[in-house]
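Next come the chains, spelled out residue by residue.
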Amino acid sequence: MFKKFKIPDATIGRLTAYSRFLKEADEKGISTVSSQNIAEATGVTPAQVRKDLAYFGEFGTRGVGYNPKELYNYIMKILGLDKKWNVAIFGAGNLGTALSQYRGFLERGFEIVCMFDTDPEKVGKKINNIEIYHLDELKEKAKELNIELAIVAVPAQVAQEVVNMIVESGIRGIINFAPVNIFVPDNIVLRRVDLASQLEYLTYYLGENR
């Protein structure tokens, strides 16, 4: 059983990086990797790798290392990626359309099952073979398609209203791309992706060296 106490967000992010390296190592036919190998490939220290894994139990053999395939499968279970997750995209504009084309979602077990919009010129049509429904159909489609995760790519001024509808439909995991702070109940898992703020992070550090 995996340990249930609070795991740092940074650790979860690093597990994703570890899993990608382990998958590549297994595909190359590598039978054993060390914490040093994982650390060098993901930009952390061997001690950090061991600490991150220790949150969830004991893996590998001391003095030998880890079997890439076995550790990859363990990490996928930890991340909940040993099953398929049904995802809906809210907003069929430029960003929503671009996200619907990203093949990496399906490779990691995330299937875009539908999109939602309120534009009558878009509703009823398909983008990348993904059906676009009117937002008013959300509750019905959430149950029918077993939607578990939501990606919000709508204008900032309507983002909170859309998220409120998502919460009411029973979807509990939300990624918000809208450039605005969103408020949700405590039982909802919300992550914000603000591309502009990430660029500002870069310019801050680059500006120090100009």
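To be clear, the structure that these remarks concern was listed above.
Conventions and cut-offs
Residues numbered from 1 in each chain as written. Predicted model: local features only at pLDDT ≥ 70, side-chain atom pairs only at ≥ 80, totals over all residues. Heavy atoms only, no water. Pairing = 2+ DSSP bridges. Helix = DSSP H or I, 4+ residues; strand = E, 2+ residues; numbered from the N terminus. Patch = residues over 30% accessible without salt bridge, like charges linked within 9 Å, V, L, I, M, F, W, Y side chains within 5 Å. Areas by Shrake-Rupley, 256 points an atom, 1.4 Å probe, with all protein chains shown as cover. Salt bridge = Lys/Arg side-chain N within 4 Å of Asp/Glu carboxyl O. Buried < 20%, exposed > 50% of the residue type's maximum accessible area, 1.4 Å probe, protein only. Axes fitted to C-alpha atoms, helices over the stretch in contact; angles between N-to-C directions. Parallel < 35°, antiparallel > 145°, perpendicular 65-115°, else oblique. Contact = heavy atoms within 4.5 Å. Nonpolar A, V, L, I, M, F, W, Y, C, P; charged D, E, K, R; others polar. Phe/Tyr/Trp six-rings, centres within 6.5 Å; stacked < 30°, edge-to-face > 60°. Lys NZ or Arg CZ within 6 Å of the ring centre and 35° of its normal.

A. The arrangement of the pairing of strand β5 (residues 149–152) in detail. Note that strand β1 (residues 85–90) and β5 share four bridges and pair parallel. The residue bridging A88 from the neighbouring strand is A150, located in β5. Relative to strand β6 (residues 173–176), β5 runs parallel, the two being bridged by four bridges. Paired with L149 across the strands is G173, a residue of β6.

B. Region of the structure containing a nonpolar patch on the surface. Taken together, the side chains of L199, Y201, L202, Y204, Y205 and L206 present a nonpolar region at the surface, about 680 Å² in accessible area. Structurally, Y205 can be placed in helix α9 (residues 195–207). Judged by its relative accessible area of 41%, Y205 is partly exposed.

C. Fine view of unusual backbone geometry. Even without being glycine, N128 reaches a positive phi, approximately 55 degrees. Tracing the chain through its elements places N128 in the loop between β3 (126–127) and β4 (130–134). On the basis of relative accessibility, which here comes to 40%, the residue N128 falls in the partly exposed class. If you check the backbone angles, N146 has positive phi at about 55 degrees while not being a glycine. With respect to the secondary-structure elements, N146 resides in the loop between α7 (138–144) and β5. Residue classification places N146 among the partly exposed positions, given a relative accessible area of 45%.

D. Representation of the sheet that holds β3 within the structure. Strand order in the open sheet made by the seven strands is β3-β4-β2-β1-β5-β6-β7, with mixed pairing throughout. For this open sheet the edge positions go to β3 and β7 (189–192), each flanked by a neighbour on one side alone. With four bridges joining them, β6 and β7 adopt parallel strand pairing. When the bridges of β7 are listed, N176 appears paired with R192.

E. Highlighting the packing of helix α1 (residues 9–27) against helix α2 (residues 35–42). At a closest axis distance of 10 Å, the pairing of α1 and α2 adopts a crossing angle of 110 degrees. By the angle class used here, α1 and α2 are roughly perpendicular. Residue-level contacts link A17, Y18, F21 and L22 of α1 to N37, I38, A41 and T42 of α2. Of the residues contributing to the contact of α1 with α2, the split by class is six nonpolar, two polar and no charged.

F. Structural view of the packing of α2 against helix α3 (residues 46–54). Put simply, α2 and α3 touch, their axes get as near as 8 Å, and they point 105 degrees apart. Classified by the interaxial angle, the pair formed by α2 and α3 is roughly perpendicular. Of the residues in α3, those touching α2 at S35, Q36, I38 and A39 are P46, V49 and R50. In terms of residue class, the contact of α2 with α3 is built from four nonpolar, two polar and one charged.

G. Layout of the environment of N86. If you trace the backbone, N86 turns up in strand β1. Remark: the alpha-carbon pair of N86 and V49, spanning 37 residues in sequence, is separated by 30 Å. Excluding its chain neighbours within four sequence positions, the residues that come into contact with N86 are E111, V113, L145, N146, I147, E148 and L149.

H. Structural view of the packing of aromatic side chains. Inspection of the entire model under this criterion finds seven aromatic pairs. With a centroid separation of 4.9 Å and 15 degrees between ring planes, the pair formed by F90 and F116 is classed as stacked. Taken together, the positions of F90 in strand β1 and F116 in strand β2 (residues 110–117) put the pair 26 residues apart, joining distant regions of the chain. As far as the burial class goes, F90 and F116 line up, both buried. Feature note: the residues F90, F116 and Y133 constitute an aromatic cluster, connected by ring pairs. In this structure, K83 is placed above the aromatic ring of W85, and the distance from its NZ or CZ to the ring centre is 4.2 Å.

The quantities given are spatial measurements derived from coordinates; they are silent on function.
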